[in-house]
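Reading the structure
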Amino acid sequence: MTIVGLILFPLCLLLWMRPQLMLHILLLAGILPAAAALVLGGLGVQPAMVPAMAFMSFVMLQWVLGVHYPGERTVMTLCFPFMLVVTWTLLASLIMPRLFMNQVMVWPQKSDSVGGRVLLAPNFGNISQDMYLLINTIFLVLAARFLTRSDVRLDRLYRTFLLSGWCVVGICMWQFAHRVGGVPFPDTFFYSNPGWAVLNTQTAGPVPRINASFSEPAACAAFLSEILFSSVWIVLQGYSVARAKWLIPASALALACTTSTTGFITVAAEICLLPVAAIATGAMQLLGNVMRLIVVGVALLACGVLVVVTVAPQVVPAAQFVFQSTAEKKDSQSYQDRSQVDRDSMSLVTETYGLGVGWGSNRASSLLPGLLSTIGVVGAIGLLVFDWKLLRGAMVARRRVPPGPERLVIEGVVPALVARLIAACLSSPTVGFLDFYLLIAMLIAAIARIDLMCAGRGRAQVPQRALAPVYATPAQCHARVETDRPQIHA
């Protein structure tokens with residue numbers, strides 16, 4: 001058991017009767033994906049798994065005892081397409097590796113041990129990845145149902161998500177001070193998972209690449225990009241969330257410290273999506289706020305560059321090297337290798353007639369080739385249906401209510417999910433972390449709660465049934481009772 005496990009296991013055991021706190025702990029533990037709470041041989045249990053299992057055990061025990069939640073019907077309706085995709089994925093992981101065995105070449109989950117592609121065959125990766133997917137799905141459904149309770153503060157859960165962003169920013173600054181000034185940094189605490197290859201010594205020329213508590217700079221930049229996009233959007237919408245405005249420059253600075261091409265491209269895509277989001281949501285007045293934000297950001301960036309050039313001119317060659325390496329990313333050997341893996345994965349789609357090779361049989365370099373090569377065209381279409389249904393439900397729900405806790409969650413979670421998916425499409429084969437599924441559960445729960453509120457207002461507007469007439473005399477009362485008495489036949 002690691003130091004992280006010595007903290008999480010007693011804490012979750014002590015707070016097991018308070019499942020809401022388990023979700024807050026999960027969001028904070030989700031920023032430690034390169035750590036392990038428990039090491040079993042060569043495998044490490046992710047820290048977020050500990051509060052997730054504690055939460056699921058409590059909620060499932062309630063379900064066995066007959067406890068129901070108010071928004072279950074809406075939650076299950078929204079989750080139904082995803083559950084169908086998961087069912088198809090589990091079946092395909094058993095069938096496809098045997099159907100196309102020794103017919104196609106795949107990239108295994110642990111390619112370092114073989115150094116290249118191998119013939120398709122059933123392997124332990126099918127079982128392990130199925131287990132992770134099943135746990136994530138059960139957690140998603142249970143969390144979404146639980147969060148429809150009226151005594152759960154969804155906005156507080158979202159604020160904890162922003163707090164996790166501040167924690168990552170602090171760890172980035174800490175590691176930067178360690179790499180530059182020799183400040184002590186607890187590597188054994190943040191990088192205790194033996195299942196991850198941690199890239200914490202990379203440099204871009206003379207500039208150290210920061211990965212914080214993540215396994216590589218690209219993963220850290222992906223998380224910071226979703227924090228940045230989420231905080232920018234809620235600030236533009238006018239929500240007064242504590243320290244959200246200061247999180248924008250802080251997360252942008254930390255993202256720049258990663259020198260990750262994935263992060264830079266994701267931020268550029270987010271900037272392009274801001275006007276589109278303003279038009280799509282009908283908030284045309286936000287276009288002016290978007291333009292002012294861009295102008296202020298450019299002005300602050302220019303002032304910062306001038307200050308840095310004046311105070312520390314030796315930084316200029318390093319910045320030029322980072323910019324040049326980012327611009328010439330396509331010519332690097334790592335980019336060529338990752339592109340080749342994606343091309344090989346896309347060729348599996350045609351070789352398997354669009355069915356895929358099964359979940360866990362092939363590991364691509366980015367999200368779309370990874371999904372198409374494993375779950376096939378059928379699974380990809382199912383995910384698109386789920387995404388569209390979820391996005392459409394969120395847009396309809398936000399128009400039905402004035403600004404409030406549920407609408408804040410919708411406005412903040414949707415940009416975060418979009419940013420995570422953009423980053424995954426660039427440099428991640430899957431999106432399997434539990435904090436990502438918790439964000440989806442928060443969004444589904446917010447939609448269900450808005451449906452309940454609107455249904456309650458609709459019932460309140462229905463006129464009450466007219467009262468029964470009052471009979472003045474005892475005889476009239478007796479006659480009325482005899483008339484209304486039910487007749488019993490032998």
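Located above this text is the structure these notes cover.
So, here is what we can say about the structure in this document. (Residues numbered from 1 in each chain as written. Predicted model: local features only at pLDDT ≥ 70, side-chain atom pairs only at ≥ 80, totals over all residues. Heavy atoms only, no water.)

1. Comments concerning empty space enclosed by the protein
Note the following rule: A 1.4 Å probe that fits into a set of points on a 1 Å grid over the protein atoms alone but cannot get out defines a cavity; an open set with protein on both sides within 12 Å along at least five of seven lines defines a pocket, and lining residues are those with an atom within 4 Å of a point. Grid points are joined across faces, edges and corners, and a volume is the space filled by probe spheres set on the points. When residue character is reported, Ala, Val, Leu, Ile, Met, Phe, Trp, Tyr, Cys and Pro are called nonpolar, Asp, Glu, Lys and Arg charged, and the others, Gly included, polar.
Under the defined criterion, the tally for this structure stands at three cavities of 30 Å³ or more. Here the largest cavity is characterised by a volume of approximately 50 Å³. Forming the boundary of the largest cavity are Ala29, Gly30, Leu32, Pro33, Gln46, Pro47, Ala48, Phe433, Leu434 and Asp435. Looking at the lining of the largest cavity residue by residue, the classes come out as seven nonpolar, two polar and one charged.

2. Notes on a nonpolar patch on the surface
Note the cut-off: Patch definition: residues with relative accessible area over 30% and no salt bridge; like charges joined within 9 Å; nonpolar side chains (Val, Leu, Ile, Met, Phe, Trp, Tyr) joined within 5 Å. Accessible surface is estimated by sampling points in the Shrake-Rupley manner with a 1.4 Å probe; for residues, cover comes only from the protein chains shown. Here, a salt bridge means any Lys or Arg side-chain nitrogen found within 4 Å of an Asp or Glu carboxyl oxygen. Strands are runs of DSSP state E lasting at least 2 residues, helices are runs of H or I lasting at least 4, and numbering of each runs from the N terminus. A simple rule labels every residue: compare its accessible area, found with a 1.4 Å probe on the protein chains alone, to the largest value its type can have, and call it buried under 20%, exposed over 50%, or partly exposed in between.
Together, Leu91, Leu94, Ile95 and Leu99 line one region of the surface with nonpolar side chains, adding up to about 380 Å² of accessible area. Assignment of secondary structure puts leucine 99 in helix H4 (residues 72-99). For leucine 99, a relative accessible area of 45% gives the class partly exposed.

3. Quick word on unusual backbone geometry
At alanine 212, a residue that is not glycine, the phi angle is positive and equals roughly 55°. When you line up the elements, alanine 212 lands in the loop between strand S6 (207-208) and helix H8 (217-237). When its relative accessible area of 0% is taken as the criterion, alanine 212 is described as buried. Despite not being glycine, threonine 259 shows a phi value in the positive range, around 50°. With respect to the secondary-structure elements, threonine 259 resides in the loop between helix H9 (244-258) and helix H10 (261-280).

4. With respect to the packing of helix H15 (residues 376-400) against helix H16 (residues 405-427)
The criterion, for reference: What counts as an axis is a line fitted to C-alpha atoms, over the stretch in contact for a helix, and the angles between N-to-C directions run from 0 to 180 degrees. Take the far helix as the reference: if the near one is turned anticlockwise from it by less than a right angle, the crossing is left-handed, and if turned clockwise, right-handed. Working rule for contacts: check all heavy atoms of both residues, and any pair within 4.5 Å makes them a contact.
Contact geometry for H15 and H16: axes closest at 10 Å, N-to-C directions at 140°. Between H15 and H16 the crossing geometry is left-handed. Where H15 abuts H16, its residues Leu391, Ala394, Ala397 and Arg398 lie against Arg407, Ile410, Glu411 and Val414. Across the contact of H15 with H16, the residue classes tally to five nonpolar, no polar and three charged.

5. Quick notes on the side chain of serine 225
By the secondary structure assignment, serine 225 is in helix H8. Leave out the neighbours within four places in its chain, and serine 225 touches Leu255, Thr266, Glu270 and Ala419.

6. What to know about the pattern of salt bridges
Pairs can form between side chains of opposite charge once their charged atoms are near each other. Under the definition given, this model contains ten salt bridges. Across the pair glutamate 226 and arginine 420 runs a salt bridge, and its minimum N-O distance is 2.3 Å. Within this pair, whereas glutamate 226 is found in helix H8, its partner arginine 420 is found in helix H16, the two being separated by 194 residues in sequence. In this structure, glutamate 226 and arginine 420 share a single accessibility class: buried. Of the charged contacts in the structure, one is a salt bridge between glutamate 406 and arginine 449, with a shortest N-O distance of 3.0 Å. With glutamate 406 in helix H16 and arginine 449 in helix H17 (residues 434-460), this pair connects stretches of sequence that are 43 residues apart. Its relative accessible area of 10% is what places arginine 449 among the buried residues. One network of salt bridges, in which partners are shared, links Glu226, Arg420 and Asp435.

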